[in-house]
Each structure stands twice: as C-alpha cells, then as structure tokens.
Amino acid sequence: MKIPFVDLKSNFDQIKKEYLIRVDQILNDTSFIDGYYNRSFEDKFASLHDSKFGVSLSSGTAGNHMALRALNIGVGDEVILPANTFIATAWGITLCGATPVFVDVDPETFNIDSKQVEEKITSNTKAIIAVHLYGLPAKMDALLRVGKKYGIPIIEDAAQAHLAEFDSQKVGSFGKLSSFSFYPSKNLGAFGEAGAITTNSEELTLKIRKIINQGSESKYVHSELGTNYRLSHLIAASLDLKIPYLQEWTEARIRIANRYQNNLKDISNINFQKVPSNCKAVYHLFVVQTQNRSDLQKHLNEKGISTGIHYPIPIHLQSIFNGKQGDCPIAEKLAQQTLSLPIYPNLTDSEVDYVCDRIRDFSMNKNIEV
Ligand SMILES: Cc1ncc(COP(=O)(O)O)c(C=O)c1O
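Here goes a summary of the coordinates provided. For every chain, the first residue of the written sequence is number 1, and numbering continues from 1 along that sequence. pLDDT decides what is reported in this predicted model: residues at 70 or higher carry local features, side-chain atom pairs at 80 or more are listed and counted, and totals for whole chains, interfaces and linings draw on all residues regardless. To get the side-chain values, take all heavy atoms of the structure and skip hydrogens and water.

1. Considering the site of the ligand
Consideration 1: Taken together, 15 residues sit near the ligand, with Gly60, Thr61, Asp157, Ser181 and Lys186 positioned nearest.
Consideration 2: One of the side-chain N or O atoms of Asp157 is found 2.7 Å from a nitrogen atom in the ligand.
Consideration 3: Burial of the ligand by the surrounding chains reaches 92%, relative to a free accessible area of 390 Å².
Consideration 4: Among the secondary structure elements, those contributing two or more residues to the shell around the ligand are α3 (60-70) and α4 (88-95).
Consideration 5: All amino acids are sorted into three groups, where Ala, Val, Leu, Ile, Met, Phe, Trp, Tyr, Cys and Pro are nonpolar, Asp, Glu, Lys and Arg are charged, and the leftover types, Gly among them, are polar. Its residues placed into classes, the shell around the ligand shows five nonpolar, eight polar and two charged. Definition of nearness: a residue and a molecule or strand are near each other if at least one heavy atom of the residue lies within 4 Å of the molecule or strand. In protein, a polar contact requires one atom able to donate a hydrogen and another able to accept it; more generally it is a pair of N or O atoms within 3.5 Å, and residues adjacent in sequence count only if both atoms are side-chain atoms. Only the protein chains shown count as cover for residues, with accessible areas throughout obtained via the Shrake-Rupley method and a probe of 1.4 Å. Numbered from the N terminus, helices here are DSSP runs of H or I no shorter than four residues, and strands are runs of E no shorter than two.

2. Things to note about the packing of aromatic side chains
Consideration 1: Aromatic rings from Phe, Tyr and Trp, with only the six-membered ring used for Trp, were paired whenever their centres fell within 6.5 Å, and each pair was classed as stacked if the ring planes differed by under 30 degrees, edge-to-face if by over 60, and tilted otherwise. Counted by the stated rule, this structure contains 16 aromatic pairs.
Consideration 2: Ring centres of Tyr19 and Phe191 lie 4.8 Å apart, and the angle between their planes is 80 degrees; this geometry places the pair in the edge-to-face category. Of the two residues, Tyr19 is situated in helix α1 (residues 8-29) and Phe191 in the loop between β8 (177-181) and β9 (195-199); the sequence distance between them amounts to 172 residues.
Consideration 3: To sort residues, take the accessible area from a 1.4 Å probe on protein chains only and compare it with the maximum for the residue type: under 20% means buried, over 50% means exposed, and anything in between is partly exposed. Under the relative-accessibility criterion, Tyr19 is labelled buried at 8%.
Consideration 4: Members of the aromatic cluster, connected to one another through ring pairs, are Phe41, Phe45, Phe180 and Phe182.

3. Considerations on the pairing of strand β15 (residues 338-341)
On a regular strand, each side chain points to the face opposite its neighbour's, so the side chains alternate between the two faces of the sheet.
Consideration 1: The alternating pattern of β15 places Thr338 and Ser340 on one face and Leu339 and Leu341 on the opposite face, and all of these are buried.
Consideration 2: Pairing between strand β14 (residues 286-289) and β15: four bridges, direction antiparallel. The residue bridging Gln289 from the neighbouring strand is Thr338, located in β15. For two strands to be treated as a pair, DSSP must find no fewer than two bridges joining them.

4. Re helix α6 (residues 140-150)
Consideration 1: Restricting attention to buried positions, one finds in α6 the residues Met140, Ala142, Leu143, Val146 and Gly147. Axial view of α6: buried residues confined to an arc of 165 degrees, hence all on one face. Exposed side of α6, more than 90 degrees from the buried face: Arg145, Lys148 and Lys149 are the residues found there.
Consideration 2: Residues are treated as being in contact if the distance between any of their heavy atoms lies within 4.5 Å. Close packing links the buried residues of α6 with α5 (114-119), β4 (125-131), β5 (154-157) and β6 (165-166).
Consideration 3: Gly151 sits one or two residues past α6 and shows a positive phi near 65 degrees. When we speak of the arc, we mean the arc of directions from the helix axis to the C-beta atoms.

5. Observations concerning the pattern of salt bridges
Consideration 1: Each reported salt bridge corresponds to a side-chain nitrogen of Lys or Arg within 4 Å of a carboxyl oxygen of Asp or Glu. Tallied over the full model, the rule gives 21 salt bridges.
Consideration 2: The salt bridge involving Glu224 is made with Arg69; its shortest N-O contact spans 3.4 Å. Placement of Glu224 in the loop between β11 (221-222) and α8 (233-242) and of Arg69 in helix α3 is noted, with a sequence separation of 155 residues between them.
Consideration 3: Glu108 is paired through a salt bridge with Lys274; the nearest N and O atoms lie 3.8 Å apart. Taken together, the positions of Glu108 in the loop between β3 (99-103) and α5 and Lys274 in the loop between β12 (271-272) and β13 (279-280) put the pair 166 residues apart, joining distant regions of the chain.
Consideration 4: Of the residues examined, Glu108 reaches a relative accessible area of 45% and is grouped as partly exposed.
Consideration 5: By relative accessible area, Lys274 is classed as partly exposed at 46%.

6. Focus on unusual backbone geometry
Note on backbone geometry: most residues besides glycine have negative phi, and most peptide bonds are trans.
Consideration 1: Residue Tyr311 follows His310 across a cis peptide bond; omega there is 20 degrees.
Consideration 2: With respect to the element layout, Tyr311 can be found in the loop between α10 (293-302) and α11 (329-337).
Consideration 3: Phi is positive for Asp50, close to 55 degrees, though the residue is something other than glycine.
Consideration 4: Mapped onto the elements, Asp50 comes out in the loop between α2 (36-48) and β1 (53-57).
Consideration 5: Residue class for Asp50 comes out partly exposed when judged on its relative accessible area of 41%.
Consideration 6: A positive phi is found at Asp167, a non-glycine position, where the angle reads about 50 degrees.

Here it is in structure tokens:
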C-alpha cells in the first residue's frame, strides 16, 4: 500500500468541474485582480469565524505581517510568540523591524505555555501571538487575561486552524486581528498561495486594505507605506468555491484523528498532542511524539507511508535569530521527537489502520520508551 502525506489531487477532482466554470467566467471578464469572489469569500470566511470583517491577501505570511503593521508595531518593539511554530509566525515581527521574544510550549498541548508568557513581558512588549498549532487552539482565556492585565493586544496565527474552537467560540475571533493561511495543503487550501485576516475592527480592516493595495485608497494617491499583498481573483474563486465543503472536510479530519488515537492508545511509547476538553481541534496535522522518531519514520517509509516533521528546528534556534540551545527545552525536545502522520479528508479507514498496524509492528520490535 502507498499512502502519501497529503493528497491534493482527490481534493481537486472533487470540485474541478465547478472551478473550471469559474475560471472561464473570470478569464472572460478579464477580472484578474481582487474581484467579486474575493469579496464573497471574505464575507463568508469571516462570518464562519465569528468575525465581522475579513480581508483576503496573498499568503498567511502576509497576514502575519499585516496584523502587526496594522497595530503600528515597529523598531524597538517586542512581540511574544511560541518557539514551536512555523517560521512565518516570526516573519511578520521581523518584517516590521520588531524583535521576536520566544516562549517555550506546554509539553502536553505543544502550544505556547501561557504561564511563561507573563515572565517575558517588558515595557517594550507590543503584542502576543497565539498560534493554534496543528489545529489545536492555544489557551485563549489565559492569554487574553495576560493581554488585558498589561494592555497588550493578542494576535492569532490561525494558519492551521480553520473552524477550530476554544470554549465553543471560533478561533480568529479572539484576537484583535487573526491571520489564516490557505496554502494548498491547509485544511482550506487554495489553488495557489493565499491568506486572510479576520477582525472585528472596521478601522483596522480599512487600514490593511489600504496597505496591501500599494498604500492607496484611490488610484495613484499613496498616504501610507504600502505593498502589494492582494490576492488574485482566480485563487479567491477556488477558496469561495471550497467554503461549503469545509465543515465536512473538517469532520473527516477529526474522525481520522480519533481513529488514530483509538488504534494507537495502548502503545506506551507513542504520545499525542493533548486536546483539552474545552477545545475543538481540527487536525491540520496529526502528530505523534516518540523517542525513536527517525527509525519510525524510516520504517513507515519502507512500508510505503510518507510522513512529515513539523518542525525539525525550533525557530529560536534558526540562525537568523539569536536563541540558544536550552532557551526553550520543550520546543527543542519536540523538534527531536515529533512525527506527522498522513491526514487528509479522503484518507480511508483501512489506510489509517494500515498506518497504525505498521507503527504497532515497529513498536513491538523496538520496545522503546517515550
Ligand atoms: C503557523 C503558520 N503560520 C504562518 C504560515 C504562513 O502561511 P503561508 O504559507 O500562507 O504564507 C503557516 C504556513 O504554513 C503556518 O503553518
């Protein structure tokens, strides 16, 4: 059996006919930039995430950047973020000229350790970024409490967490601003690069619309340092088309994750990301933790199963930043021990069982301890 890590083709096949009708329509209209599907998608996506406003833009990385730009974060400012995330969480900070301040993660949820956040706050702290890693919401109540105590806004990096919930409220609605990615393999994946910001602030929405459109509200008048982070209409059309499927695809991911957990729960040397009872996780990734990661990955690969590592180097240890080994010990340990198993809506029960059986064979042979 061959099991890829992601399967974008079957997802495309599901909506190919409808999408090609939209492509034909857009090409005939020569409406290439920022068209009607952008507006339609933004409204639907924001309301799905309990938010008043949505702005589509060219990537999740652009979204992280714009969330901080909208708050005027710049040189001399510090922004707190978890060490265990994709590097793009940090780029927004660096692109604004601010300094990232890395905080270690909780060993059970793998998300930012809210208790350590307060210790890192200084008079220069201007924002805290909550990342909902692998689709599991960060501890939003605690982060919002800290933010309120010090008057510091919370930003959500919800790139991996479309439709995830904390206390029955959708992610993307807790922060002052939230950023989503629609990179093709994400839970809601575009036919190209794409991202969005959700917020309840009309003022910040208008500000971001202006910055991403060359700092301009009306043509050739530029009153703000701008850039071009607009989202192409053809790509927005793919996202708008996929919205009605998102709930069903999310439930499929949750079913698959539950099956993995049930099948693997008696294997003592495999740990999972713990999902607190007040959270709905949406499993962008299904990640296991084991001391014997490289051997397990090799074994699965030999059995036709592709896996991933998210992320092999915690971001404080990337050479562009100044972190040291030992600064964030849990993130460093997870970087050595986590392995992402295949997960996507069309993965079948028998494929999940096959992956689990191969993990079981491996663990019985190795008798390893976590
Ligand atoms: C946590 C996180 N933040 C930001 C991004 C950046 O999104 P994009 O690839 O759309 O720029 C990603 C994408 O992988 C991500 O996983």
